[in-house]
Protein chains: 2
Amino acid sequence: MDLLERLRDAGWRLTPQRRVVAEALQEVGGHLTAEEVYLRARERLPEVSLATVYNALNELAAMGQVLCLATDGAKKYDANAHVPHQHLACVRCGRLADVRARGEDHLRLPAKERRGYELLSVEIVFKGICPDCRARGN
Amino acid sequence: MDLLERLRDAGWRLTPQRRVVAEALQEVGGHLTAEEVYLRARERLPEVSLATVYNALNELAAMGQVLCLATDGAKKYDANAHVPHQHLACVRCGRLADVRARGEDHLRLPAKERRGYELLSVEIVFKGICPDCRARGN
DNA sequence: TTCGATGCAAAAAGTTTGCAGCGAA
DNA sequence: TTCGCTGCAAACTTTTTGCATCGAA
(Lines give C-alpha, C1' and ligand atoms only; values in the text may rest on other atoms or scores of the structure.)
Protein backbone atom coordinates (compact mmCIF):
# COMPACT_ATOMS: atom_id res chain seq x y z
CA MET A 1 0.00 0.00 0.00
CA ASP A 2 1.57 3.24 -1.06
CA LEU A 3 1.81 6.53 0.75
CA LEU A 4 -0.91 8.31 -1.22
CA GLU A 5 -3.39 5.54 -0.49
CA ARG A 6 -2.54 5.59 3.17
CA LEU A 7 -3.02 9.35 3.26
CA ARG A 8 -6.36 9.18 1.53
CA ASP A 9 -7.49 6.52 4.00
CA ALA A 10 -6.38 8.76 6.83
CA GLY A 11 -8.64 11.48 5.47
CA TRP A 12 -5.80 13.82 4.57
CA ARG A 13 -6.95 16.65 2.37
CA LEU A 14 -5.16 16.07 -0.91
CA THR A 15 -4.09 19.06 -2.98
CA PRO A 16 -1.75 19.11 -5.99
CA GLN A 17 1.00 20.51 -3.75
CA ARG A 18 0.56 17.83 -1.12
CA ARG A 19 0.45 15.17 -3.80
CA VAL A 20 3.84 16.10 -5.24
CA VAL A 21 5.35 16.20 -1.74
CA ALA A 22 4.10 12.69 -1.05
CA GLU A 23 5.25 11.52 -4.47
CA ALA A 24 8.72 12.94 -3.96
CA LEU A 25 9.07 11.11 -0.65
CA GLN A 26 7.74 7.88 -2.07
CA GLU A 27 9.71 7.88 -5.28
CA VAL A 28 13.04 8.13 -3.50
CA GLY A 29 12.05 5.91 -0.61
CA GLY A 30 15.13 6.99 1.31
CA HIS A 31 15.87 9.97 3.49
CA LEU A 32 15.34 13.47 2.20
CA THR A 33 15.79 16.88 3.75
CA ALA A 34 12.96 19.39 3.41
CA GLU A 35 15.02 21.19 0.79
CA GLU A 36 15.47 18.00 -1.25
CA VAL A 37 11.77 17.24 -1.09
CA TYR A 38 11.12 20.80 -2.22
CA LEU A 39 13.43 20.50 -5.22
CA ARG A 40 11.89 17.22 -6.34
CA ALA A 41 8.36 18.44 -5.78
CA ARG A 42 9.11 21.53 -7.83
CA GLU A 43 10.14 19.42 -10.81
CA ARG A 44 6.58 18.18 -10.96
CA LEU A 45 4.81 21.35 -9.86
CA PRO A 46 7.02 24.44 -10.22
CA GLU A 47 4.79 26.80 -8.24
CA VAL A 48 4.95 24.81 -5.01
CA SER A 49 6.54 26.75 -2.15
CA LEU A 50 9.04 25.68 0.48
CA ALA A 51 6.70 26.76 3.27
CA THR A 52 4.01 24.47 1.92
CA VAL A 53 6.49 21.61 1.80
CA TYR A 54 7.33 22.22 5.45
CA ASN A 55 3.65 22.34 6.35
CA ALA A 56 3.01 19.04 4.60
CA LEU A 57 6.07 17.31 6.06
CA ASN A 58 5.19 18.40 9.58
CA GLU A 59 1.67 17.09 9.21
CA LEU A 60 2.85 13.79 7.78
CA ALA A 61 5.30 13.38 10.63
CA ALA A 62 2.66 14.25 13.24
CA MET A 63 0.33 11.67 11.66
CA GLY A 64 3.09 9.09 11.88
CA GLN A 65 2.97 8.50 8.12
CA VAL A 66 6.58 9.57 7.65
CA LEU A 67 9.46 9.46 10.11
CA CYS A 68 11.40 12.58 10.96
CA LEU A 69 15.06 11.93 11.77
CA ALA A 70 17.06 14.67 13.41
CA THR A 71 20.51 13.15 13.68
CA ASP A 72 22.60 16.10 12.59
CA GLY A 73 21.95 19.61 11.23
CA ALA A 74 18.92 19.34 8.99
CA LYS A 75 15.98 17.02 9.62
CA LYS A 76 15.45 14.12 7.25
CA TYR A 77 12.13 12.61 6.31
CA ASP A 78 11.58 8.90 5.69
CA ALA A 79 8.47 7.60 3.89
CA ASN A 80 9.05 4.05 5.15
CA ALA A 81 7.22 4.58 8.42
CA HIS A 82 4.99 1.56 7.85
CA VAL A 83 7.95 -0.84 7.66
CA PRO A 84 9.77 -1.28 10.99
CA HIS A 85 13.46 -0.62 10.57
CA GLN A 86 16.43 1.06 12.19
CA HIS A 87 19.02 3.51 10.94
CA LEU A 88 22.75 3.71 10.51
CA ALA A 89 24.13 7.25 10.58
CA CYS A 90 27.58 8.52 9.63
CA VAL A 91 28.86 10.81 12.36
CA ARG A 92 31.12 12.61 9.88
CA CYS A 93 28.92 13.39 6.89
CA GLY A 94 25.45 12.63 8.26
CA ARG A 95 24.63 10.01 5.63
CA LEU A 96 21.79 7.71 6.66
CA ALA A 97 21.11 4.09 5.73
CA ASP A 98 18.25 1.75 6.65
CA VAL A 99 19.16 -1.43 8.51
CA ARG A 100 17.52 -4.32 10.34
CA ALA A 101 19.03 -5.04 13.73
CA ARG A 102 18.90 -8.34 15.58
CA GLY A 103 17.40 -8.42 19.03
CA GLU A 104 15.20 -5.37 18.61
CA ASP A 105 12.11 -7.42 19.45
CA HIS A 106 13.58 -8.04 22.90
CA LEU A 107 14.16 -4.38 23.53
CA ARG A 108 11.65 -3.25 26.13
CA LEU A 109 11.23 -0.34 28.47
CA PRO A 110 10.16 -1.75 31.85
CA ALA A 111 7.02 -0.14 33.31
CA LYS A 112 8.99 1.32 36.22
CA GLU A 113 11.21 3.13 33.73
CA ARG A 114 8.37 4.75 31.83
CA ARG A 115 8.08 7.76 34.11
CA GLY A 116 4.40 8.18 33.33
CA TYR A 117 5.00 8.52 29.57
CA GLU A 118 2.61 6.91 27.13
CA LEU A 119 4.93 4.96 24.83
CA LEU A 120 4.50 5.29 21.08
CA SER A 121 7.62 3.92 19.41
CA VAL A 122 11.34 3.25 19.68
CA GLU A 123 13.96 4.78 17.46
CA ILE A 124 17.27 2.99 17.13
CA VAL A 125 20.19 4.69 15.41
CA PHE A 126 23.55 3.00 15.00
CA LYS A 127 26.32 5.56 14.72
CA GLY A 128 29.50 5.04 12.82
CA ILE A 129 31.70 6.14 9.96
CA CYS A 130 30.55 5.45 6.42
CA PRO A 131 32.82 3.80 3.80
CA ASP A 132 33.36 7.07 1.90
CA CYS A 133 34.46 8.97 5.00
CA ARG A 134 36.74 6.09 5.99
CA ALA A 135 38.34 6.05 2.55
CA ARG A 136 38.71 9.81 2.67
CA GLY A 137 41.07 9.28 5.59
CA ASN A 138 40.34 9.11 9.31
CA MET B 1 35.22 10.61 37.97
CA ASP B 2 33.78 13.93 37.04
CA LEU B 3 33.71 15.68 33.71
CA LEU B 4 36.51 18.15 34.48
CA GLU B 5 38.86 15.35 35.48
CA ARG B 6 38.02 13.40 32.35
CA LEU B 7 38.68 16.48 30.23
CA ARG B 8 41.98 17.18 31.88
CA ASP B 9 42.99 13.54 31.31
CA ALA B 10 42.01 13.90 27.68
CA GLY B 11 44.42 16.84 27.42
CA TRP B 12 41.69 19.40 26.78
CA ARG B 13 42.97 22.92 27.11
CA LEU B 14 41.12 24.31 30.11
CA THR B 15 40.19 27.97 30.13
CA PRO B 16 37.82 29.77 32.53
CA GLN B 17 35.15 29.79 29.81
CA ARG B 18 35.49 26.10 29.10
CA ARG B 19 35.44 25.35 32.79
CA VAL B 20 32.09 27.04 33.38
CA VAL B 21 30.62 25.27 30.35
CA ALA B 22 31.70 21.91 31.75
CA GLU B 23 30.49 22.85 35.22
CA ALA B 24 27.08 23.90 33.91
CA LEU B 25 26.68 20.56 32.14
CA GLN B 26 27.84 18.59 35.12
CA GLU B 27 25.87 20.44 37.77
CA VAL B 28 22.56 19.80 36.02
CA GLY B 29 23.45 16.32 34.87
CA GLY B 30 20.44 16.26 32.59
CA HIS B 31 19.86 17.59 29.12
CA LEU B 32 20.54 21.20 28.26
CA THR B 33 20.25 23.20 25.09
CA ALA B 34 23.21 25.36 24.07
CA GLU B 35 21.23 28.39 25.20
CA GLU B 36 20.62 26.88 28.64
CA VAL B 37 24.27 26.01 29.04
CA TYR B 38 25.09 29.58 28.05
CA LEU B 39 22.74 31.07 30.66
CA ARG B 40 24.11 28.89 33.42
CA ALA B 41 27.70 29.46 32.39
CA ARG B 42 27.11 33.20 32.39
CA GLU B 43 25.94 33.11 36.00
CA ARG B 44 29.43 32.02 36.91
CA LEU B 45 31.34 34.00 34.31
CA PRO B 46 29.29 36.87 32.86
CA GLU B 47 31.64 37.67 29.98
CA VAL B 48 31.43 34.24 28.35
CA SER B 49 29.93 34.34 24.86
CA LEU B 50 27.43 32.08 23.17
CA ALA B 51 29.83 31.36 20.32
CA THR B 52 32.40 30.08 22.79
CA VAL B 53 29.77 27.87 24.39
CA TYR B 54 28.98 26.39 20.98
CA ASN B 55 32.67 25.84 20.29
CA ALA B 56 33.14 24.04 23.58
CA LEU B 57 30.00 21.92 23.22
CA ASN B 58 30.95 20.85 19.71
CA GLU B 59 34.40 19.83 20.86
CA LEU B 60 33.05 17.91 23.82
CA ALA B 61 30.58 16.09 21.58
CA ALA B 62 33.30 15.28 19.02
CA MET B 63 35.47 13.91 21.83
CA GLY B 64 32.60 11.74 22.98
CA GLN B 65 32.67 13.33 26.44
CA VAL B 66 29.11 14.60 26.13
CA LEU B 67 26.23 13.29 24.05
CA CYS B 68 24.45 15.50 21.58
CA LEU B 69 20.78 14.64 21.15
CA ALA B 70 18.88 16.12 18.23
CA THR B 71 15.37 14.85 18.77
CA ASP B 72 13.44 18.04 18.04
CA GLY B 73 14.27 21.66 17.23
CA ALA B 74 17.27 22.52 19.37
CA LYS B 75 20.11 20.12 20.13
CA LYS B 76 20.47 18.97 23.71
CA TYR B 77 23.70 18.09 25.43
CA ASP B 78 24.08 15.32 27.99
CA ALA B 79 27.10 15.10 30.29
CA ASN B 80 26.34 11.47 31.18
CA ALA B 81 28.22 10.04 28.21
CA HIS B 82 30.30 7.75 30.42
CA VAL B 83 27.22 5.97 31.80
CA PRO B 84 25.39 3.83 29.22
CA HIS B 85 21.73 4.76 29.08
CA GLN B 86 18.85 5.40 26.72
CA HIS B 87 16.38 8.24 26.35
CA LEU B 88 12.66 8.80 26.53
CA ALA B 89 11.45 11.78 24.51
CA CYS B 90 8.07 13.50 24.54
CA VAL B 91 6.88 13.97 20.96
CA ARG B 92 4.73 16.92 22.00
CA CYS B 93 7.00 19.12 24.11
CA GLY B 94 10.41 17.59 23.47
CA ARG B 95 11.11 16.82 27.11
CA LEU B 96 13.84 14.21 27.59
CA ALA B 97 14.34 11.68 30.36
CA ASP B 98 17.08 9.11 30.92
CA VAL B 99 16.04 5.47 31.10
CA ARG B 100 17.53 1.97 31.19
CA ALA B 101 15.98 -0.42 28.70
CA ARG B 102 15.96 -4.20 29.01
CA GLY B 103 17.42 -6.23 26.20
CA GLU B 104 19.75 -3.58 24.90
CA ASP B 105 22.76 -5.86 25.40
CA HIS B 106 21.24 -8.24 22.85
CA LEU B 107 20.80 -5.53 20.27
CA ARG B 108 23.31 -6.14 17.50
CA LEU B 109 23.80 -5.03 13.95
CA PRO B 110 24.76 -8.12 11.91
CA ALA B 111 27.91 -7.74 9.84
CA LYS B 112 25.98 -8.04 6.59
CA GLU B 113 23.86 -5.07 7.65
CA ARG B 114 26.80 -2.78 8.36
CA ARG B 115 27.14 -1.55 4.79
CA GLY B 116 30.85 -0.92 5.28
CA TYR B 117 30.35 1.44 8.20
CA GLU B 118 32.72 1.34 11.15
CA LEU B 119 30.35 1.10 14.13
CA LEU B 120 30.86 3.42 17.08
CA SER B 121 27.71 3.37 19.20
CA VAL B 122 23.97 2.83 19.29
CA GLU B 123 21.45 5.46 20.26
CA ILE B 124 18.06 4.30 21.48
CA VAL B 125 15.23 6.79 21.94
CA PHE B 126 11.81 5.76 23.16
CA LYS B 127 9.16 8.18 21.93
CA GLY B 128 5.96 8.92 23.77
CA ILE B 129 3.85 11.53 25.50
CA CYS B 130 4.99 12.84 28.86
CA PRO B 131 2.68 12.99 31.91
CA ASP B 132 2.29 16.77 31.68
CA CYS B 133 1.27 16.71 28.03
CA ARG B 134 -1.14 13.84 28.74
CA ALA B 135 -2.72 15.78 31.61
CA ARG B 136 -2.91 18.84 29.42
CA GLY B 137 -5.33 16.90 27.21
CA ASN B 138 -4.49 14.64 24.27
C1' DT C 1 -20.19 26.95 -0.34
C1' DT C 2 -16.94 26.50 3.21
C1' DC C 3 -12.98 25.95 5.59
C1' DG C 4 -8.57 24.68 5.23
C1' DA C 5 -4.36 24.91 2.15
C1' DT C 6 -1.27 27.94 -0.51
C1' DG C 7 2.27 31.43 -1.85
C1' DC C 8 5.06 34.97 -0.62
C1' DA C 9 7.99 37.42 2.09
C1' DA C 10 9.50 38.46 6.37
C1' DA C 11 10.93 36.90 10.83
C1' DA C 12 12.44 33.70 14.11
C1' DA C 13 15.42 30.15 15.82
C1' DG C 14 19.63 27.85 15.93
C1' DT C 15 24.46 27.65 14.67
C1' DT C 16 28.85 28.96 12.50
C1' DT C 17 32.58 32.04 11.08
C1' DG C 18 36.31 35.80 10.61
C1' DC C 19 39.42 38.34 12.87
C1' DA C 20 42.32 40.80 16.11
C1' DG C 21 43.86 40.20 20.78
C1' DC C 22 44.60 37.54 24.99
C1' DG C 23 46.19 33.95 28.11
C1' DA C 24 46.92 28.71 29.45
C1' DA C 25 50.46 25.54 29.35
C1' DT D 1 56.69 32.30 24.25
C1' DT D 2 53.43 30.09 21.49
C1' DC D 3 49.45 28.38 19.72
C1' DG D 4 44.97 28.00 20.35
C1' DC D 5 40.93 30.03 22.69
C1' DT D 6 37.92 34.16 23.13
C1' DG D 7 34.51 37.89 22.27
C1' DC D 8 32.02 40.29 19.08
C1' DA D 9 29.21 40.90 15.33
C1' DA D 10 27.81 39.44 11.19
C1' DA D 11 26.48 35.72 8.17
C1' DC D 12 24.21 31.48 7.39
C1' DT D 13 21.00 27.64 7.56
C1' DT D 14 16.80 25.80 8.76
C1' DT D 15 12.09 26.40 10.02
C1' DT D 16 7.92 29.07 11.14
C1' DT D 17 4.43 32.68 10.66
C1' DG D 18 0.95 36.31 8.92
C1' DC D 19 -2.13 37.34 5.67
C1' DA D 20 -4.83 37.66 1.54
C1' DT D 21 -6.34 34.42 -1.89
C1' DC D 22 -7.59 30.03 -3.90
C1' DG D 23 -9.68 25.59 -4.50
C1' DA D 24 -10.81 20.51 -2.70
C1' DA D 25 -14.50 18.22 -0.87
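Remember, predicted model here, so these are calculated numbers, not experimental data. (Residues numbered from 1 in each chain as written. Chains lettered and ligands numbered in written order. Predicted model: local features only at pLDDT ≥ 70, side-chain atom pairs only at ≥ 80, totals over all residues. Heavy atoms only, no water.)

Trainee: Even after reading the chapter, I still don't get the interface of chain A and chain B, so can you show me in this structure?
Mentor: Size of an interface: often given as the accessible area lost when the parts come together. Facing 43 residues of chain A, the contacting portion of chain B comprises 44 residues. Between chain A and chain B the total buried area reaches about 3700 Å² when both faces are included, carbon and sulfur atoms providing 60% of it. Together, Y117, F126 and K127 of chain A form the three largest contributors to the area buried by chain A at its contact with chain B, with a combined 19%. At the boundary of chain A with chain B, the tally comes to 4 salt bridges. Taken together, chain A and chain B are joined by 19 residue pairs in polar contact (both at pLDDT 80 or more). Going through the elements one at a time, β4 (86–90), β5 (96–99), β6 (118–129) and α5 (131–135) of chain A are the ones with two or more residues in the side of chain A that touches chain B. The element that contributes the greatest number of residues to the side of chain A that touches chain B is β6 of chain A, accounting for 12 residues. When its residues are assigned to classes, the side of chain A that touches chain B shows 22 nonpolar, 6 polar and 15 charged. Inspection of the sheet shows β6 of chain A paired to strand β6 (residues 118–129) of chain B by 11 bridges, in the antiparallel sense. Pairing of L119 of chain A across the sheet is with G128 of chain B, part of β6 of chain B. (Contact = heavy atoms within 4.5 Å. Buried area = accessible area lost by both parts, 1.4 Å probe. Salt bridge = Lys/Arg side-chain N within 4 Å of Asp/Glu carboxyl O. Polar contact = N/O pair within 3.5 Å; in protein donor to acceptor, adjacent residues only side chain to side chain. Helix = DSSP H or I, 4+ residues; strand = E, 2+ residues; numbered from the N terminus. Nonpolar A, V, L, I, M, F, W, Y, C, P; charged D, E, K, R; others polar. Pairing = 2+ DSSP bridges.)

Trainee: Can you walk me through the relation of the copies chain A and chain B in this structure?
Mentor: Both copies of the chain are related by a screw-like operation: a rotation about an axis and a shift along it. The transformation that overlays chain A on chain B combines an axial shift of 0.0 Å with a rotation of 179°, and the residual RMSD is 0.1 Å. A rotation of that kind, with that shift, is consistent with a two-fold axis. Residue I124 of chain A, judged by its C-alpha, is the member of chain A lying nearest the rotation axis, at 2.3 Å. Most of the interface of chain A is mirrored in chain B, where 100% of its interface residues are also at the interface. (Least-squares fit on C-alpha atoms with pLDDT ≥ 70 in both.)

Trainee: Would you mind showing me how to read the protein's contact with DNA strand C here?
Mentor: The environment of DNA strand C is formed by 19 residues, the closest being R13, T15 and T52 of chain A together with R13 and Y54 of chain B. For DNA strand C, the backbone portion of the atoms within 4 Å of the protein, that is sugar and phosphate, comes to 77%. Separating a phosphate oxygen of DNA strand C from a side-chain N or O atom of Y54 of chain B is a distance of 2.7 Å. Residue assignment for the surface near DNA strand C shows that the elements contributing at least two residues are α2 (16–28) and α4 (50–63) of chain A together with α4 (50–63) of chain B. Ranked by the residues each element gives to the surface near DNA strand C, the list is headed by α4 of chain B, at 5 residues. Of the residues belonging to the surface near DNA strand C, the class tally is 8 nonpolar, 6 polar and 5 charged. (Near = heavy atom within 4 Å.)

Trainee: Looking at this model, I keep getting lost on the protein's contact with DNA strand D. Mind explaining?
Mentor: Taken together, 19 residues lie around DNA strand D, and Y54 of chain A together with R13, T15, Q17 and T52 of chain B are the ones closest in. Atoms of DNA strand D within 4 Å of the protein: sugar and phosphate make up 79%, bases the balance. Between DNA strand D and the protein, one listed contact pairs a phosphate oxygen with a side-chain N or O atom of Y54 of chain A at 2.5 Å. Note that a phosphate oxygen of DNA strand D is positioned 3.2 Å from one of the backbone N or O atoms of S49 of chain B. Here the element with the most residues in the surface near DNA strand D is α4 of chain A; it accounts for 5 residues.

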